[in-house]
Every structure is written in C-alpha cells, then in structure tokens.
Amino acid sequence: MTAALREEHPLGPMRPPGDTTGLFGVFRRRYLLRLLVRKELRVRYQASLLGLGWSYMKPLIRFSMYFFVIGILLGLRENVPLFALHIFTAMIMVSFFTETLNAGTKSVVKNKSLVRKMNVPREMFPVASTAVTAYHMGPQYVILVGACLLLGWSPDPTALLAGLLGIAIMLSISLAVALAFSALNVSFRDIGNFVETIGMMVMWSAPQLYPWEFVDDQIGGTWLEQVYLANPVAVATLLNQRAFWIPTLDSDIDTTGFMPDGLMLRGVIMLGCCIALVAVAQWIFSRLETSFAEKL
Amino acid sequence: MTESVVVDHVSKHFVMQNARTLKQRVVRARKGELTNPKFLALDDLSFTIEQGEAVGLMGLNGSGKSTLLKLISGVLRPDKGVVLTRGRIAGLIEVSAGFHPQLSGRENIYLNGAILGMDEVEVNGKFDEIVDFADIARFLDTPVGRYSSGMFARLGFSVAASVDSDLFIIDEVLAVGDPPFKKKCIARIKQVRDEGRTIVFVSHNTTQVKRLCTRALVLEDGRLGFDGPVQEAVHYLKYDADGDDDEDAEGGEL
C-alpha cells in the first residue's frame, strides 16, 4: 500500500540519489553534454593563436612527415598508386582512435572537481572526449572528400557503405576504450603509460604507412593475418580506404588484392563486436564508478 | 507528511593510505599489515527528514557532515545501508565545484545550471535573476578565474539557489562572503524554506542554524549524537558555553 502511495507522490518516488543510468543518462542530458563539449573546445584553444587551426595543422604536419619519409625516402609512392591518399584515408581513422584514447583516458581524472562534488552521470566525461575528437575530425573529412572529388572520386554503393561502416566501427571502439580506460585510470594511473604504448602499436598495426598487399604477401593465409584483421582500427582503416582510396584510383589499375577478401562482411561483424564492447565497457565503468569520488 | 530523505543504517568507510604500487602492496602484505587500513566516516547512521523540513547539520570538523551531504546528494554511495531521496536535488557542496576558471561568468552560469540539472530554457528564464542576485552584471564576460572569492561565492550560491529543487543542500558556503551577502543568502534560504522545499544546512554558526532550521542533527564521529530542536542541539554541543564568538555576534544582527 505504501509503495503505491509513494509512486503517486507529486515529486515522484523515493529513490537512491545519483544517476546510475549510464550512457542512457548521458543521452537524456544532451544539453549538459553539449556544454561540456563546448567547454572542452574553449579551454583547449584558449590563449592559443591558431585556435581551431591546430586541428588542421597537426594532421597536416604529420601527413607531410609520413609522405616524405615513407613515400619519398622509402619509395613506397612508386609501389602504391595515390599513396598520399592512401596515407590520409588511414590517418583519419588511426588518429581518431589515438586521440580519443588519450583524451578519453584522462577525462574522468581531469574533471576531478566535478566528479567529487557534483552529481552528474560520470559517463558524460569519456563521451564528451569522444565527441570533441569527432568534432575535430570534421574538417579532415571535408578535406578528404574535397581531395577525392578533385582526383576523380567515383564511389560505388559499396564504397559509401564501407565509409559509413568504418566511421561506425571507429566511433564505437573509441567510445568503448574511452569509457573503460577513463574508469581504470582513476585507480591505476599506469594506464597513462599503457595508453601511449597502445597508441604506438595502433599506428603501426593498421595499413597506413604500407598497403594491405604487403600484409597479404607476408602473413596472408596464416593465423597472424587473422590477428591482424581482428584489430578494429585496421578494419576501419581498410573500410575507409575502400570508400575513398579505391574509387579514386584510375580505372585502368587492377585493384584485386588491394583489399582483403570479404571486407564488408568482416566490417559488419566487427561493428557488432565493437557495440558489444561498448556494453562491456559500460559495465566496467559502472562497477568502478561507485568509488570515483573517494579515489580522486 | 512524506519523507524527503531517508538514511537507513548507513555506513561509509574511507581508505586511509592507498598502497598504490605493486611494490608497496607486496611489502605491506609481507609485513602482515593491512594493505589499506580503513577509517569509518559514518557508522550505522539512521534518520528521516520530512518534506519541507529545514534541518541544520552540526558537529565538529571530521564528524562526517560533508560525507553525509555527499551521500545525500548522490556523489558518494554508502558501503552499507540505503540512502533514499525524493525529487530534484540541488546543492552547494563547495562554491567553486561546478565552475571552470577559464570560462566567462555567463558560460559558467549555463554550464553550472546544466550540471545542476536545468535545461537551456530553464537557465534562460532564470538568467537575470541569477545575475542580479550574484551582483556580477559588469563582469559577466570575464573569466571567473579572475573573480574575487566573494564574487565566486555569490555566483555559486546564486545558481544553486535558482534551481527549482525539492531538496536544497548547503555546506558551509556562507562562511565566505561578507555580512551583506550572508544576509541576502539567509533571506534567500528562508524563502526556499517557506516555499516548502526541504533544506539540509551545514553550519557551525549556531545563530544561522537557529534562524533557519527547525531541527538539528549533531554528528559525533560518524554517529548521530543528537536529533531534536536547535536550541537543545546548541546546548548539547556546548557551543553556548564559551559565550558568543564574532561569527555569532555578527549573525545576531541579521
């Protein structure tokens, strides 16, 4: 009887304070998320002359270095058609992942004062870092599409699908990693070092500075190939190349062997796995979140 | 009457020393020491606050007041027992908590409002009221990092008080700020109280508690030492024995 009475109370039922609805809670409070993202952007570029220009400058410099060393000095530009585009399509994916990894891992610790004193869904912070990175990727996609159009991009439906699939995989794996690592980072600051190592590994383990053909030549058909293709960043990178690089190549180039077999199917399965990983990461986060306020 | 806050057999531990590295943990374990000795901040605490009550939370430093407030506001979770609340909670646990020093006063009002659970329309509607109360109209576009501590306190209180909360939690924020501002805050809290919203108010200032609250809880080492009328709580704490200190005298003018 009392339970029924309580439900009918105008102020709602008695419940434990504190938001424990996880990612759904973040979705419900989109306005707060938007303000946190804006705050992050403002703070990051405050007192900086180039401001948002940095999100063009940094990739431009990285791209130039890659192209100069790998493309020209090591001569890969002669083996791989449109090698510059090959690098750029991959770089977008790889840096999306590494940037979310770095910023996401620090996100909860960096918002210490809010976590300790205010009642907000804590998932807000890793989600906001992922959103900030996505915001920075915008200009790069504009440049990518522009460059492809100039070079004669003629996408088939598979290419468009591959592009979307690549983005979806990237977003979900980045979110999963940001969630899990931001929570682990509260108790174990070792994560910071671990993250650097992962960032380095990811940079080399996606076909960015070398084409998929090299991988296929050396480890094709072995279990190592399966390990290579179990990496979501590698698959997302390949999908992005399928979307932008392949359809931009001259039509007289034979592209067989440029992409692994069954890439699209692999992509769909990978997306499923990454979404499952988001759920696992949310579970880890909720388990650890209860002690955030006292550990920070 | 309906309950607003129920605290039922709540205990909360804190880990005193965190042996963080693997080496420290192994060394401690080999010495046979506890790796992480614990400190009991709240010990099997139970009480109920009814809707519309204004409760003063008193006790010496370290008696568990802030821990209790954090449990009620949902920032901390109890180790044992249950905390239940009804309706929307807004609180001011620390003045500077929701503010970012590099953002302007205006941006911080929106951000802090959103953190306290308001949406854009609500903050827009309350904006002028918040600015008026905090008296910072001239400095709205200045980063709050450059504000004086008084301005900070005013802005923090002003935003928190503007939320249409059912439960309003205030932790010693009135210790900062000058007498005219304190007076304004007290008036505002009274207004909140008279609207029938529940208030939990932490203060060492007996005069303030007497003026605002109808009931006082006194915490002692994480246990409930006293629960009853404010006058008796003051007597229980022996705060009245040493005569009035400056704070009290000043509060008496209100």
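A short tour of the structure in this document, coming up. Just so it is clear, the structure is predicted and the values come from calculations on it, not from any experiment.

Residues and elements named next belong to chain B. Buried residues dominate strand β7 (residues 198-202), accounting for five of its five residues. On β7, burial covers both faces: Thr198, Val200 and Val202 on one face and Ile199 and Phe201 on the other are all buried. The pairing of strand β3 (residues 54-59) with β7 spans four bridges and is parallel. Bridge pairing in β7 links Leu57 to Val202.

Residue and element names in this part refer to chain A. With the rule as written, the count across this model stands at two cavities of 30 Å³ or more. In this structure, the largest cavity is lined by Leu36, Lys39, Glu40, Arg44, Ala103, Ser107, Lys110, Asn111, Phe125, Ala128, Ser129 and Val132. Contributions of two or more residues to the lining of the largest cavity are made by α3 (30-44), α6 (83-110) and α8 (124-151). Of the residues that constitute the lining of the largest cavity, the class distribution is five nonpolar, three polar and four charged.

The computed volume of the largest pocket comes to approximately 710 Å³. Along its surface, the largest pocket is lined by 31 residues, and Asp19, Arg29 and Asn119 of chain A together with Ile89 and Gly117 of chain B are the ones closest to its centre. Put simply, the parts of the chain that give the lining of the largest pocket at least two residues each are α3 of chain A together with β5 (89-92) and α3 (105-115) of chain B. Looking at which element gives the most residues to the lining of the largest pocket, the answer is β5 of chain B, with three residues. Residue classes in the lining of the largest pocket are distributed as 15 nonpolar, nine polar and seven charged. In this structure, the second largest pocket encloses a volume near 500 Å³. In this structure, the second largest pocket is lined by 26 residues; those nearest its centre are Arg62, Ser95, Thr98, Glu99 and Asn102 of chain A. Counting only elements with at least two residues in the lining of the second largest pocket, the list comes to α3, α4 (54-73), α6, α8 and α10 (191-205) of chain A.

Let us now look at unusual backbone geometry. Of note in this structure, Leu82 of chain A is not a glycine but carries a positive phi near 45°. Locating Leu82 of chain A in the fold gives a position in the loop between α5 (76-79) and α6. Not every positive phi belongs to a glycine, and His9 of chain B is a case in point at roughly 50°. Within the secondary structure layout, His9 of chain B lies in strand β1 (residues 3-15).

It is worth spelling out the packing of aromatic side chains at this point. Under the definition given, this model contains 15 aromatic pairs over all chains. Ring centres of Phe63 of chain A and Phe88 of chain A lie 5.9 Å apart, and the angle between their planes is 80°; on these two criteria the pair is classed as edge-to-face. Taken together, the residues span a long stretch of sequence, with Phe63 of chain A in helix α4 and Phe88 of chain A in helix α6 at a distance of 25 residues. Like Phe63 of chain A, the residue Phe88 of chain A is buried in the burial classification. Between Trp153 of chain A and Phe244 of chain A the ring centres are 5.0 Å apart and the planes differ by 25°, which places this aromatic pair in the stacked class. In this pair, Trp153 of chain A is assigned in the loop between α8 and α9 (157-187) and Phe244 of chain A in helix α13 (residues 232-245), connecting sequence segments 91 residues apart. For the pair Trp153 of chain A and Phe244 of chain A, one class covers both residues: buried. An aromatic cluster is defined as three or more aromatic residues linked by ring pairs; in this entry it consists of Phe133, Phe157, Phe168 and Phe181 of chain B. The ring of Phe27 of chain A has Arg30 of chain A lying over it, and the distance from NZ or CZ to the ring centre is 4.6 Å. Over the aromatic face of Phe133 of chain B sits the side chain of Lys184 of chain B, whose NZ or CZ is 4.9 Å from the ring centroid.

What follows is about the sheet that holds β1 of chain B. Whenever strands of a sheet pair, they do so through backbone hydrogen bonds, lying parallel or antiparallel. Strand order across the open sheet formed by four strands is β1(A)-β4(B)-β1(B)-β2(B), with antiparallel pairing between neighbours. Looking at which strands have only one partner, the edges of the open sheet turn out to be β1 (14-15) of chain A together with β2 (38-50) of chain B. Bridge count for β1 of chain B against β2 of chain B is nine bridges, and the pairing is antiparallel. Its bridge partner being in β2 of chain B, Phe14 of chain B is matched across the sheet by Phe39 of chain B.

Attention now goes to the state of the cysteines. A complete count under the given rule lists zero disulfides over all chains for this structure. With no disulfide partner, Cys273 of chain A has as its closest neighbouring cysteine sulfur the one in Cys274 of chain A, 6.7 Å distant. You can call Cys273 of chain A partly exposed: its relative accessible area is 41%. For the unlinked cysteine Cys185 of chain B, the closest cysteine sulfur is that of Cys213 of chain B, found at 14 Å. By relative accessible area, Cys185 of chain B is classed as buried at 0%.

In this section: the pairing of β5 of chain B. Residue and element names in this part refer to chain B. By the alternation rule, side chains of β5 split into Ile89 and Gly91 and Ala90 and Leu92, which are all buried. Pairing of β5 with strand β6 (residues 167-171) involves four bridges; the strand directions are parallel. Directly across from Ala90, in β6, lies its bridge partner Phe168.

Below, the discussion takes up α13 of chain A. Three or four residues apart is the spacing at which side chains of an α-helix point the same way, because the helix has 3.6 residues per turn. Residues and elements named next belong to chain A. Between its first and last C-alpha atoms α13 spans 19 Å; for 14 residues at 1.5 Å apiece the expected length is 20 Å, and the two agree. Among the 14 residues that make up α13, 14 are buried, leaving the element largely enclosed by the rest of the structure. One side-chain oxygen of the residue at the start of α13 lies 2.9 Å from the amide nitrogen of Val233, identifying that residue as Asn231.

Turning our attention to the pattern of salt bridges. The tally for this structure, following the rule as stated, stands at 18 salt bridges over all chains. Of the charged contacts in the structure, one is a salt bridge between Glu107 of chain B and Arg42 of chain A, with a shortest N-O distance of 2.1 Å. Residue Glu107 of chain B is located in helix α3, and its partner Arg42 of chain A is located in helix α3; the two belong to separate chains. Among the salt bridges present, the one from Glu294 of chain A reaches Lys12 of chain B, with a minimum N-O distance of 2.8 Å. Pair noted here: Glu294 of chain A is in helix α15 (residues 292-295) and Lys12 of chain B is in strand β1, and the two residues belong to different chains. Relative accessible area serves as the criterion here: at 29%, Glu294 of chain A is assigned to the partly exposed category. On the basis of relative accessibility, which here comes to 2%, the residue Lys12 of chain B falls in the buried class. What you see here is one network of salt bridges that share partners, running through Arg122 and Glu289 of chain A together with Arg77 of chain B.

A word on the interface of chain A and chain B. The interface of chain A with chain B comprises 39 residues on the first partner and 43 residues on the second. For the side of chain A that touches chain B, the elements supplying multiple residues, two or more each, are β1, α3, α7 (112-117), α9 and α15 of chain A. A per-element tally of the side of chain A that touches chain B places α3 of chain A first, with eight residues. When the residues that make up the side of chain A that touches chain B are grouped by side-chain class, the tally is 16 nonpolar, nine polar and 14 charged. Sheet topology places β1 of chain A next to strand β4 (residues 80-86) of chain B; two bridges connect them, and they run antiparallel. From the neighbouring strand, Met14 of chain A faces β4 of chain B, where its bridge partner is Arg86 of chain B.

Rules used throughout
Residues numbered from 1 in each chain as written. Chains lettered and ligands numbered in written order. Predicted model: local features only at pLDDT ≥ 70, side-chain atom pairs only at ≥ 80, totals over all residues. Heavy atoms only, no water. Buried < 20%, exposed > 50% of the residue type's maximum accessible area, 1.4 Å probe, protein only. Helix = DSSP H or I, 4+ residues; strand = E, 2+ residues; numbered from the N terminus. Pairing = 2+ DSSP bridges. 1 Å grid on protein atoms, 1.4 Å probe; cavity = no way out; pocket = protein on both sides within 12 Å on 5 of 7 lines; lining within 4 Å. Points joined across faces, edges and corners; volume = space filled by probe spheres on them. Nonpolar A, V, L, I, M, F, W, Y, C, P; charged D, E, K, R; others polar. Phe/Tyr/Trp six-rings, centres within 6.5 Å; stacked < 30°, edge-to-face > 60°. Lys NZ or Arg CZ within 6 Å of the ring centre and 35° of its normal. Disulfide = S-S within 2.5 Å. Expected span 1.5 Å × (residues − 1). Polar contact = N/O pair within 3.5 Å; in protein donor to acceptor, adjacent residues only side chain to side chain. Salt bridge = Lys/Arg side-chain N within 4 Å of Asp/Glu carboxyl O. Contact = heavy atoms within 4.5 Å.

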